[in-house]
Amino acid sequence: MAASKSTWSYLPQTLLGFAVFISNFLVAYSDNNSTNNAESKLPPTVLIALAVRNEGHALPWVLGQLEILNYPKDRISFWIRSDHNIDNTSAILKEWASHAKKYYHSIDLKIDEKSSGYADEESPCHWVKERFLHVMNLRQKALEKAKKVWADYLFLMDADIVIENQDLFSILIHQNKPIISPQLNVSTDSLYSNFWCGINEYGYYQRTPDYEPIVRWNKQGCFEVPMVHSVYLIDMNHVGVRKLSFKKAPPGYKGPFDDIIQFAFAAKYAGMSMHIINTEFFGHLMVPLESKDSLEDEVEQFLHIKLEMIVIEPQLRPSRFISFQRVKSSKLGFDQVYLINLIRRPERRRKMLTSLRELGIEIFILNAVDGKTLNDTYLKQLGVKQLPGYADPYHGRQMTMGEIGCFLSHFVIWKDVVDNNYRKALVFEDDVRFEIFFRQKLEKLLYECEYIVRNWDLVYLGRKRLFRKPEPDVPGTTMLVWPNYSYWTLSYIMTLEGAQKLLDADPLSKMIPVDEYIPVMFDRHPEDEWKSFFFPRNLVGLSAEPLLVYPTHYTGEAEYLSDTEDSDLIEGKEEEEDENEIAAAGLNVDSPKVEL
């Protein structure tokens, strides 16, 4: 029977609806299938290329940080070349490769053990023309190796770069850029980084308004820049790789004979743009040293990075495939080195002990007197009385129990110095951040004290300057000044005579905070009424300039805490004396020789 006219009129709509259904089904199937395909694909392969020279001090941590990257090790290969070494670099690389090779896709390691230096170099830090050429050749070979093994990406990095973001490869690859580098920093306040925002036709640096906001993270993102260096990821599937060269300068190149500048122009010629990304913190790099600098300077610079990471965390992890010896500890020529730490602050103790171990400083831990366990009854037994008329200069309050505990902790040290006839001692509190080259600077400072200011009693290594007016240099010295009124007792060195002077003034019977007391004793305190209670005020007080230590955190910062400010006032804590509480206060510390 023939279809009616009305039946045929609905057929186009029916067919259209069916077509839409089929189309949606196919799109959904395709999306789902492509998602499944993407999820089933292996991650891109990465070849890490390292040219290593005299990095024995850094390699355990550089390689250790690479080991903990969140990226499949079987998709990572290493290409490592090392030469011109005068340290233990060769032995470390061999040990690491022998143990790590079973975890990675491959490790291609070659070491030239015959070479030790270049003919015209003044030091291992000196970059002569032959060295530039050698590094260019090595990087060219790494590029050719990446092509030969069909690597998806080539990751070139200096052998003293510290990668501290475990998702580095995933983040860089996701940006899908021809050449991309993670922004690295020397420190949070340094403007030196591994990229330029401006470069002229002759290859020289140009200052631009964009650089500082990026390097300080005020402007975050992925930015195209004319040059990156020290560490970068190259997309080996980019068509420009065919023209890219480390060794051969591009046509018309007018710049200097310099590996990083020439490569920036070569990348531009190959049509491969360079990018810097600063969306996260990625790690640290070292400041280039001068030709006059030594390998020891390189060691100290890397040590400073390790010390900084102990403070801000997470700490750098050494490789589990490398055995290495810790620095031998000593007292640096002092009779005793003290670390003041509250038992209830184990995290501070751990960080300070780790830092001091890295610095090779042998210390005696003094369990600090804890203000939270003190009471008025016990203070009376000790003869502790607040100075009549004392009021905190900023808050107008009485002393806190924390300030009293802090004073007693330092008092215990002064007494121990005198009781044991120590000629000189070094004191640290447990919230200290060390300046770079700390040991060398301290050694020089101590020399100037011993041979130029022979009657010195106490030298601040860290303090808070309260006056802006200039402080006079100590004649004949390069590191010492006569300090004005200052706060904090972060760290100082003292003599037996200095400790005796601080004890002889009978400070417990007229107590003020210890960082008020010391300026009183070297007669630089602005409160004449307070000073009148102490005589003679003949402490010979000096200060390092620049300072050698700083606080780990400042007031207002996220992790700042104060056990002196944030505690009860001296009044209103009348309690029965309890022997267990007295012991917990820390007056009887690890050594029985240190008792009030």
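If you're wondering where the values come from, they're calculated on a predicted model, not measured in any experiment.

The rules we used
Residues numbered from 1 in each chain as written. Predicted model: local features only at pLDDT ≥ 70, side-chain atom pairs only at ≥ 80, totals over all residues. Heavy atoms only, no water. pLDDT = per-residue confidence, 0-100. Contact = heavy atoms within 4.5 Å. Pairing = 2+ DSSP bridges. Helix = DSSP H or I, 4+ residues; strand = E, 2+ residues; numbered from the N terminus. Axes fitted to C-alpha atoms, helices over the stretch in contact; angles between N-to-C directions. Buried < 20%, exposed > 50% of the residue type's maximum accessible area, 1.4 Å probe, protein only. Lys, Arg positive; Asp, Glu negative; His and termini not counted. Salt bridge = Lys/Arg side-chain N within 4 Å of Asp/Glu carboxyl O. Arc of directions from axis to C-beta. Patch = residues over 30% accessible without salt bridge, like charges linked within 9 Å, V, L, I, M, F, W, Y side chains within 5 Å. Areas by Shrake-Rupley, 256 points an atom, 1.4 Å probe, with all protein chains shown as cover. Charge placed at Lys NZ, Arg CZ, Asp CG, Glu CD.

1. Structural notes on the confidence of the model for the protein
Point 1. For the protein, per-residue confidence averages 89 on the pLDDT scale, and residues scoring 70 or more make up 86% of the total.
Point 2. When the criterion is pLDDT under 50, residues 1-12 qualifies, and its contacts beyond four places in sequence or with other chains add up to one contact.
Point 3. In this model, residues 572-596 is a region of pLDDT below 50 whose contacts with residues beyond four sequence positions or in other chains number 63 contacts.

2. Remarks on the sheet that holds strand β11 (residues 274-277)
Within a sheet, each strand pairs with its neighbour through backbone hydrogen bonds, oriented either parallel or antiparallel.
Point 1. In spatial order, the strands read β3-β2-β1-β4-β10-β6-β11-β8; together these eight strands make up an open sheet with mixed pairing. Each of the sheet's edge strands pairs with one partner strand only, and the pair in question is β3 (106-111) and β8 (222-225). With direction set aside, neighbouring strand axes in the sheet form an average angle of 20°.
Point 2. Bridge count between strand β6 (residues 179-182) and β11: four bridges; the pairing is parallel. In the sheet register, P182 faces β11, and the bridge partner there is I277.

3. A short note on the environment of A58
Point 1. Looking at the secondary structure, you find A58 in the loop between β1 (46-52) and α2 (59-67).
Point 2. For the pair formed by A58 and F302, sequence separation is 244 residues and the distance between their alpha carbons is 6.7 Å.

4. What about the sheet that holds strand β17 (residues 458-465)?
Point 1. In space, the seven strands of this open sheet follow the order β14-β13-β15-β19-β17-β20-β18, with mixed pairing throughout. In this open sheet, the two edge strands, each paired with only one partner strand, are β14 (364-367) and β18 (480-481).
Point 2. Of the strands in this sheet, β13 (336-341), β14, β15 (424-429) and β19 (486-495) are in contact with helix α11 (residues 401-419), which crosses β13 at around 165°.

5. As for the side chain of D431
Point 1. Mapped onto the secondary structure, D431 falls in the loop between β15 and β16 (432-434).
Point 2. It is R348 that comes nearest to the buried, bridge-free D431 among opposite-charge side chains, at 4.4 Å.
Point 3. With residues near it in sequence (within four places) discarded, D431 still touches R348, L490, Y550, P551 and T552.

6. Quick look at helix α13 (residues 496-504)
Point 1. All of the buried residues in α13 are L496, G498, A499, L502 and L503. All buried residues of α13 fall inside an arc of 165° around its axis, so they share one side.
Point 2. Considering only its buried residues, α13 is in contact with α11, β17, β19 and α14 (514-521).
Point 3. Just beyond α13, the residue with positive phi is D506, at close to 50°.

7. What to know about the pattern of salt bridges
Point 1. Applying the stated criterion across every chain, the model contains 30 salt bridges.
Point 2. Between K351 and E313 there is a salt bridge whose closest N-O contact spans 4.0 Å. Highlighted residues: K351 in helix α9 (residues 346-359) and E313 in the loop between α8 (295-312) and β13, separated in sequence by 38 residues.
Point 3. Judged by relative accessible area, which is 15%, K351 ranks as buried.
Point 4. Classification of E313 by relative accessible area gives partly exposed; the value is 30%.

8. Considerations on a positive patch on the surface
Point 1. A surface patch of like charges, here positive, comprises K110, K141, K148 and K247.
Point 2. Secondary-structure assignment places K148 in helix α4 (residues 129-148).
Point 3. You can call K148 exposed: its relative accessible area is 70%.

9. Observations regarding the environment of T495
Point 1. Relative to the elements of secondary structure, T495 occurs in strand β19.
Point 2. Put simply, T495 and V459 are 36 residues apart on the chain and 9.3 Å apart in space, counted from C-alpha to C-alpha.
Point 3. When near neighbours in sequence (up to four residues on either side) are disregarded, T495 contacts V417, R423, K424, W456 and D457.

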